[in-house]
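Chain residues, written in single-letter form:
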Amino acid sequence: MKRREFIQKASLTAIAAAIGTEIVYALPKGYEPLALQDPDPFKMFKLNEEMVVLNNKPWNIEAQAHLLNDKVTPNSKMFIRNNGLVPLDVDAKTWTLEINGESVKQKKSYTLEELKTKFKHHTYQLTLECGGNGRSEFDPPAKGNQWTVGAVHCARWTGVRLRDVLEDAGVKSNAVYIGYHSADIHLSGDMNKEPISRGVPMSKAMQDETLIAFQMNGKDIPLVHGYPLRLIAGGWPASASGKWIQRISIRNKVHDGTKMTGKAYRVPCSPVAPGEKVKDEDMCIIESMPVKSLITSPKTGAIIKKGKSLQINGHAWAGELEVTRMEYSIDFGATWKTCKLEKPVNRLAWQHFSASVNFPKEGYYEVWARATDVNGVSQPMLLPGWNPKGYLNNACHRIAIKVQ
Ligand SMILES: Nc1nc2c(c(=O)[nH]1)N[C@H]1C(S)=C(S)[C@@H](COP(=O)(O)O)O[C@H]1N2
Ligand SMILES: [Mo]
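Thresholds applied
- Residues numbered from 1 in each chain as written.
- Chains lettered and ligands numbered in written order.
- Predicted model: local features only at pLDDT ≥ 70, side-chain atom pairs only at ≥ 80, totals over all residues.
- Heavy atoms only, no water.
- Helix = DSSP H or I, 4+ residues; strand = E, 2+ residues; numbered from the N terminus.
- Rg over C-alpha atoms; globule rule 2.2 N^0.38 Å.
- Buried < 20%, exposed > 50% of the residue type's maximum accessible area, 1.4 Å probe, protein only.
- Contact = heavy atoms within 4.5 Å.
- Areas by Shrake-Rupley, 256 points an atom, 1.4 Å probe, with all protein chains shown as cover.
- Lys, Arg positive; Asp, Glu negative; His and termini not counted.
- Charge placed at Lys NZ, Arg CZ, Asp CG, Glu CD.
- Core = buried A, V, L, I, M, F, W, Y, C linked by side-chain atoms within 4.5 Å.
- Domains from an automatic or database assignment.
- Near = heavy atom within 4 Å.
- Polar contact = N/O pair within 3.5 Å; in protein donor to acceptor, adjacent residues only side chain to side chain.
- Nonpolar A, V, L, I, M, F, W, Y, C, P; charged D, E, K, R; others polar.
- Disulfide = S-S within 2.5 Å.
- UniProt positions renumbered as here; feature names shortened; annotations may be inferred.
- Arc of directions from axis to C-beta.
- Pairing = 2+ DSSP bridges.

## Regarding the overall build of the protein
When its secondary structure is counted, the protein shows seven helices and 24 strands. For the protein, the C-alpha radius of gyration of 23 Å lies close to 22 Å, the compact-globule estimate for 404 residues. Each principal axis of the C-alpha atoms in the protein carries an extent, and together these give about 75 × 65 × 45 Å. The buried share of the protein, taken over its 404 residues, is 50%. Within the protein, contacts between residues at least 6 apart in sequence are counted, and of these 70% link residues at least 24 apart. Here the protein has roughly 19000 Å² of accessible surface; of this, 52% comes from carbon and sulfur atoms. If the 53 positive side-chain charges of the protein are averaged to one point and the 41 negative ones to another, these points end up 3 Å apart.

So, in structure tokens, the structure goes:
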């Protein structure tokens, strides 16, 4: 029997008992008991093989631009962002959601079944982008997952309106914010600590599209994306969309859970110079995400024949706003041409764009894409305002094309 198979068939303790405890120290350096070894994330999360793993403890995995070409993002191409450990032994049959807090009229608890039968179901396609998407470009660099462009997805979420549930429990007139509490486990293993507990102001909580979701793309939500129950607040940093939610508190002040305070998911209230130290009290909570777009086809590095036009496709989104203009440039932003831009299928869903691009002669080109929101605000061509945690990089996306 090969050593590897042997280890798999017997626990280390059993081996130690059979051969003597010294065996543990005789193992090659870096050898880990099977129970501590990482399973294959591609198999475990059913991921497309081109997804990129940024971190394994906790799991953080991003897409590449060309993987996001689908109009509705499938599970296999959705980025994964965890602050703690995915809860194990999740039992949908016994799962409950409690509504409590200073500003609830009557504390109330619902089973999954009650939520599904008592309230009307709604389905929306909703854009969720991590606040740190694009962080890898900041200089001086910001700590945290070095997301490039792939921490965004737009899936179809089905659930009940958060508003309907909050109103069923009763909302006091002094309500300010809601905060979620979830079942995931703090990296330290300390069950008294929450990996993350964020939320949104009442005005966002009460929007039609803010859901307590139990389905994604027509099926049960995959475990890593929040099964069996997830808050979805489209257009806001995805950290507001709590996975595995067990409790929602209606607060009489801005929610002060883990990663709501300090510098987490906040940017300087006024612009700062790159690298400048910013006091916590000068940091403001990120709300609606800025205008952004992604060229999802072709993949960067494509080669085309001289004289042929190139079809480009992609998506554009602007937090709570609609994108009203989409342009591309093949001369590094010197001149811009208009793309065809579709309306969103519903509010807070990304919009599709396409264009047929002609190149004047052979050579190396970059195709840049720029979206403009309904307020006339466009994406910057370069990295926008530096901030200590590297949030909100909405610079124009670019792909390289060789014409020969
Ligand atoms: N309970 C819980 N909810 C969470 C998180 C988490 O770690 N735990 N991460 C948040 C962050 S920072 C992001 S970007 C999104 C990622 O959602 P996804 O993994 O489904 O793509 O979930 C949010 N909700
Ligand atoms: Mo995030």
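## With respect to the nonpolar core
Membership of the largest hydrophobic core comes to 56 residues, with the highest contact counts inside it found for I99, L166, I178, I212, L229 and I248. The greatest single-element share of this core, amounting to four residues, is contributed by helix α6 (residues 162-169). Two domains each put at least three residues into this core: domain 1 (96-285) and domain 2 (292-403). Here I212 is in contact with L97, G159, V160, L162, V165, L229, R230, L231, I245 and I248, once residues within four sequence places are set aside. I295, M326, F353 and A371 belong to the second-largest nonpolar core, a separate cluster that totals 24 residues.

## Regarding the site of ligand 1
Inspection of the region around ligand 1 gives 20 residues, with N83, D184, H225, R230 and K243 positioned closest. Contact between ligand 1 and H153: an oxygen atom at 2.8 Å from a side-chain N or O atom of the residue. A distance of 3.0 Å is found between a nitrogen atom of ligand 1 and a backbone nitrogen or oxygen belonging to S241. In isolation ligand 1 has 530 Å² of accessible area, and contact with the protein removes 100% of it. Looking at the shell around ligand 1, the elements with two or more residues in it are β3 (80-81) and β8 (177-182). Looking at the shell around ligand 1 residue by residue, the class counts come to eight nonpolar, eight polar and four charged.

## Re the state of the cysteines
Taken as a whole, this structure holds one disulfide when the rule is applied. One disulfide bridge connects C269 with C284, the sulfur atoms lying 2.0 Å from each other. Between C269 and C284 the disulfide shows an S-S torsion of about 105°. By sign, it is right-handed. Of this pair, C269 sits in the loop between β14 (266-268) and β15 (283-285) while C284 is found in strand β15, placing the two residues 15 residues apart along the sequence. Cysteine C339 remains unbridged, with the sulfur of C396 as its closest cysteine sulfur at 11 Å. Classification of C339 as buried rests on a relative accessible area of 7%. With a relative accessible area of 6%, C396 lands in the buried category.

## A few points about the UniProt feature "domain: Moybdenum cofactor oxidoreductase dimerisation" (unreviewed entry) in the protein
In the numbering used here, UniProt assigns the "domain: Moybdenum cofactor oxidoreductase dimerisation" (unreviewed entry) feature to residues 285-403. End C-alpha to end C-alpha, residues 285-403 measures 45 Å, and it is 0% helix and 45% strand.

## Describing the UniProt feature "domain: Oxidoreductase molybdopterin-binding" (unreviewed entry) in the protein
The residues that UniProt annotates with the feature "domain: Oxidoreductase molybdopterin-binding" (unreviewed entry) are residues 85-257. Along residues 85-257 the backbone is 11% helical and 32% strand, and the end-to-end C-alpha distance reaches 18 Å.

## With respect to α6
Among all positions of α6, only L162, R163, V165, L166 and A169 are buried. Looking straight down α6, one finds that the buried residues subtend no more than 165° of arc, so they occupy a single side. In the segment just after α6, G170 is the residue with positive phi, at about 100°.

## A short note on the sheet that holds strand β16 (residues 292-297)
Spatially, the four strands line up as an open sheet ordered β16-β18-β22-β21, and their pairing is antiparallel. Both edges of this open sheet fall to β16 and β21 (340-341), since each of them pairs with a single strand only.

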